[in-house]
Each structure stands twice: as C-alpha cells, then as structure tokens.
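A look at the structure
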Amino acid sequence: MAEDSGMVDLRSDTVTKPTAGMRAAMADAEVGDDVYSEDPLVNSLEERVADLFGHEAAVFVPSGTMGNQIGMRLVCQPGQEVLGDAEAHVVTYEMGAAAAIFGLSTRTVVSTGGVLDADQLIEQVRPFGNWHLTPTAAIAVENTHNRAGGLVQPLAQLEKLYAWSRDAGVAVHLDGARIWNAAVASGVPLSTYGRLADTASVCLSKGLGAPIGSVLVASADRIAEARLWRKRLGGGMRQVGVLAAAGHYALDHHVDRLAEDHARARSLAQRLGVDPATVHTNMVVLDGVAAPMLAEAAKGQGVLISQVSATKVRLLTHLDVDDAGIDRAVEVLAPLL
Ligand SMILES: *Cc1c(COP(=O)(O)O)cnc(C)c1O
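It should be emphasised that the depicted structure is a prediction, and the values quoted were computed from it without experimental measurement.

With that settled, the discussion passes to the layout of surface pockets. Left-over empty space is what a probe sized like a water molecule reveals as it rolls over the atoms. By volume, the largest pocket amounts to about 180 Å³. Along its surface, the largest pocket is lined by 19 residues, and Gly64, Thr65, His89, Cys203 and Lys206 are the ones closest to its centre. Across the lining of the largest pocket, the residue classes tally to 3 nonpolar, 11 polar and 5 charged.

Below you can see the structure in the form of structure tokens.
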C-alpha cells in the first residue's frame, strides 16, 4: 500500500516512490557534470544498460518520451515516416512530438489486440525512391504494449520483422518502457530483445521504481548523435548521478521482483472475475464497466484506478502495492463490479 497516503494506488507503475535503500544510494552518489560526460554513475549506468541489451552505447535521458523521440529521429529523417501500431505510446501519449519537433511523419496499422504481426507491418512499408510515396524509414515496436494491457510481444514476430528489416533497409525502434516486465514474464533475455532493434528506449521509472530516468541504447555513432539531440531538447543534465544511482539501485534490486507484481496482477484479476490469461505482466484491464463511476466510487474508498475509456479501466501492480493492498483493492472493487 502507498503507506503515507493510505491509498492503494493502482493507476500506474509510475507512482512508486524511491525506497529507503534507493534514497540512501542517491544520497551517497558521487557526482560530476554529465554535460561534460564527467558524472561517473551516469557513465557507468549508460555502459551497463548498453551491455544488458547488447548494444555499443547508451545515453541517459529524463523520460521515456525523450528516449523514444530521439530514438526515432536517429533512424528517420524529416519527411520520412515511422510506421507503428495505432495504439502505440509513441503516437498516443507523446503529444505529436515526432511531427511537432522532428518533422517525422507517422503512420499506423490497427492490429489485433496490439499483438505485433510482422506481415501486417511489412505489407504497409513504402519504399524509398518513389516520387509519389512517403518512404518508411523505421518501424516502431512496443514491448510490453501499454494500451494492449501490458502485452508481451511474441518473440517469433519480433525476429521475423527484424530479419526482414535488414534486407529492406528499414530500421526498428523498440519502445521498451516495460521491456523488463517482458523479459521477466517471458524468460527472453534483455540481450535478445536488444539485438532485435536498432534503437531502444527503456524506462527506469516504471516498474523498476526509480523516480526519473530512461536510457536510449543504439550504436556508438547513433548515440553520439543522440547526445546532440538531447542537448537541443534541453535534456542535458548536470550532477545527475543522484538519479543514475537510483537507476543502478533499481537494476540491482528491482528487476527480478517484477515477477511478484505479475503474480499479484494475476491474483487481482482472478479475484475480480477477470480471465487471468488476459494478464500478461503487471496490468489488469476491466472492460465493459462504467469507468468514471467505478473510478470515483473506488477513490472514495481509498483505491485509485485509471480510466482508459468510458468503459475501460486499468489496474497496475508495482513496488508500492503489497498483498494487503491487493486485498484492499479486491474488497473495494469486487462489490462495485
Ligand atoms: C511510460 C511509457 C513511456 C515513456 O513515458 P515517460 O512518461 O515519458 O517516461 C513510453 N512508452 C510506453 C509504452 C510507456 O508506457
């Protein structure tokens, strides 16, 4: 439970607060000016995350949105397009940044439940060198898929898409905000997910429980360019080792435990009459409900949930929800359903 407020906050896994251990690591952080590449913990965090995903280099950025947008800009020029899922975070929740900031065109396909279908995307790719068509420079993949309820993408489809993209000269960007959840749920190593993308943005501030921070991984050349874009966007940060310390701590202590969040989400689903097979990671989706009424009534009893649409709500488990919090949520939500 979110002890300080007494609320059980299931709105998102971004609501976690740094634990005592994480705060201690932050307080003890040795720092330097990261714009001069002199912050030791930022440097080591970048190396560590690049290694985890099998890439040459990485850059620490303040948010997943910045990681995604710079990542896409590295593999797509203004006037070219990024193709992706219609429900993808990069086209839904990033305020049109690809167009507003970078001049990138985006085009989407409506998939079945957010599940990556390589053929469906490949079919939509438009070639370079045609006077009529906007060329598709990159395909964006989201794993886990947020609006699809924390769905883990099928490895075979990721492999098929990536293998195809090599010959086609199309890049793959991975929005891996919750790639940790995907890896823990599927047992697929992070390095495997990493090698199936040219650029990947991964978040430390979701299930991993850091207060801020994402990391963009790619080749060394691309990351050198990413540093320019980060600075242009105002994302050049100074003694930011206090945040990198939180990131290191999260990687040390909060990856394997995601399995607990997944188990709690399954249990929550089961106890609310939702098919646990629809729970892939740490999200439970309740469909066909009067979302505003349900959210309001639950809030009145100390349980916060998030409305996805008028008839859909979403519950997320995370570091700050324990078994007692799940019990409380069931106590409140079950009668309302
Ligand atoms: C949270 C999230 C992001 C990044 O969000 P920020 O709030 O900018 O850190 C990117 N992609 C997905 C799928 C997310 O859930």
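Now, onward.
Within the UniProt annotation, "domain: Aromatic amino acid beta-eliminating lyase/threonine aldolase" (unreviewed entry) is assigned to residues 9-281. In residues 9-281, helix accounts for 42% and strand for 14%; the two terminal C-alpha atoms are 17 Å from one another.

Reading across from one edge, S2-S8-S7-S6-S5-S3-S4 is the order of the 7 strands in this open sheet, with mixed pairing throughout. Edge positions in the sheet fall to strand S2 (57-61) and strand S4 (105-109), since each of these pairs with one other strand and no more. Across the sheet, the axes of successive neighbouring strands diverge by a mean angle of 20°, strand direction being ignored. Of the pairings in the sheet, the one linking strand S7 (residues 199-203) to strand S8 (residues 214-218) comprises 4 bridges and is antiparallel in character.

Quick look at empty space enclosed by the protein now. All told, the structure shown has 4 cavities of 30 Å³ or more when counted by the stated rule. In this model, the largest cavity occupies a volume close to 120 Å³. Looking at the largest cavity, it is lined by 18 residues, and the ones nearest its centre are Asp85, Leu116, Ala140, Val141 and Glu142. Listed by contribution, the elements that provide at least two residues to the lining of the largest cavity are strand S3 (81-85), helix H6 (118-124) and strand S5 (136-142). Looking at which element gives the most residues to the lining of the largest cavity, the answer is S5, with 3 residues.

Mapped onto the elements of the fold, Thr199 is located in strand S7. For Thr199 and Val75, which are 124 residues apart along the polypeptide, the C-alpha to C-alpha distance reads 7.9 Å. Thr199 has contacts with Gly71, Leu74, Val75, Val172, His173, Leu174, Leu216, Val217, Ala218 and Arg222, leaving out every residue within four places of it along the chain. Side chain to side chain, Thr199 and His173 meet in a polar contact 2.8 Å long.

The next point concerns the site of the ligand. Surrounding the ligand, one finds Ser63, Gly64, Thr65, Asn68, His89, Glu94, Glu142, Asn146, Asp175, Ala177, Arg178 and Lys206. Thr65 is positioned such that a nitrogen or oxygen atom in its side chain is 2.6 Å from an oxygen atom of the ligand. At 2.8 Å from an oxygen atom of the ligand is found a side-chain nitrogen or oxygen belonging to Arg178. Here the ligand loses 83% of its free accessible area of 380 Å² to cover by the protein chains. Placement of the ligand is best described as lying within the largest pocket. The greatest single-element share of the shell around the ligand, amounting to 3 residues, is contributed by helix H3 (residues 64-75). Along the lines of polarity and charge, the residues of the shell around the ligand split into 1 nonpolar, 6 polar and 5 charged.

Rules used throughout
- Residues numbered from 1 in each chain as written.
- Predicted model: local features only at pLDDT ≥ 70, side-chain atom pairs only at ≥ 80, totals over all residues.
- Heavy atoms only, no water.
- 1 Å grid on protein atoms, 1.4 Å probe; cavity = no way out; pocket = protein on both sides within 12 Å on 5 of 7 lines; lining within 4 Å.
- Points joined across faces, edges and corners; volume = space filled by probe spheres on them.
- Nonpolar A, V, L, I, M, F, W, Y, C, P; charged D, E, K, R; others polar.
- UniProt positions renumbered as here; feature names shortened; annotations may be inferred.
- Helix = DSSP H or I, 4+ residues; strand = E, 2+ residues; numbered from the N terminus.
- Pairing = 2+ DSSP bridges.
- Axes fitted to C-alpha atoms, helices over the stretch in contact; angles between N-to-C directions.
- Contact = heavy atoms within 4.5 Å.
- Polar contact = N/O pair within 3.5 Å; in protein donor to acceptor, adjacent residues only side chain to side chain.
- Near = heavy atom within 4 Å.
- Areas by Shrake-Rupley, 256 points an atom, 1.4 Å probe, with all protein chains shown as cover.
- Sits in = over half its atoms within 2 Å of the grid points.

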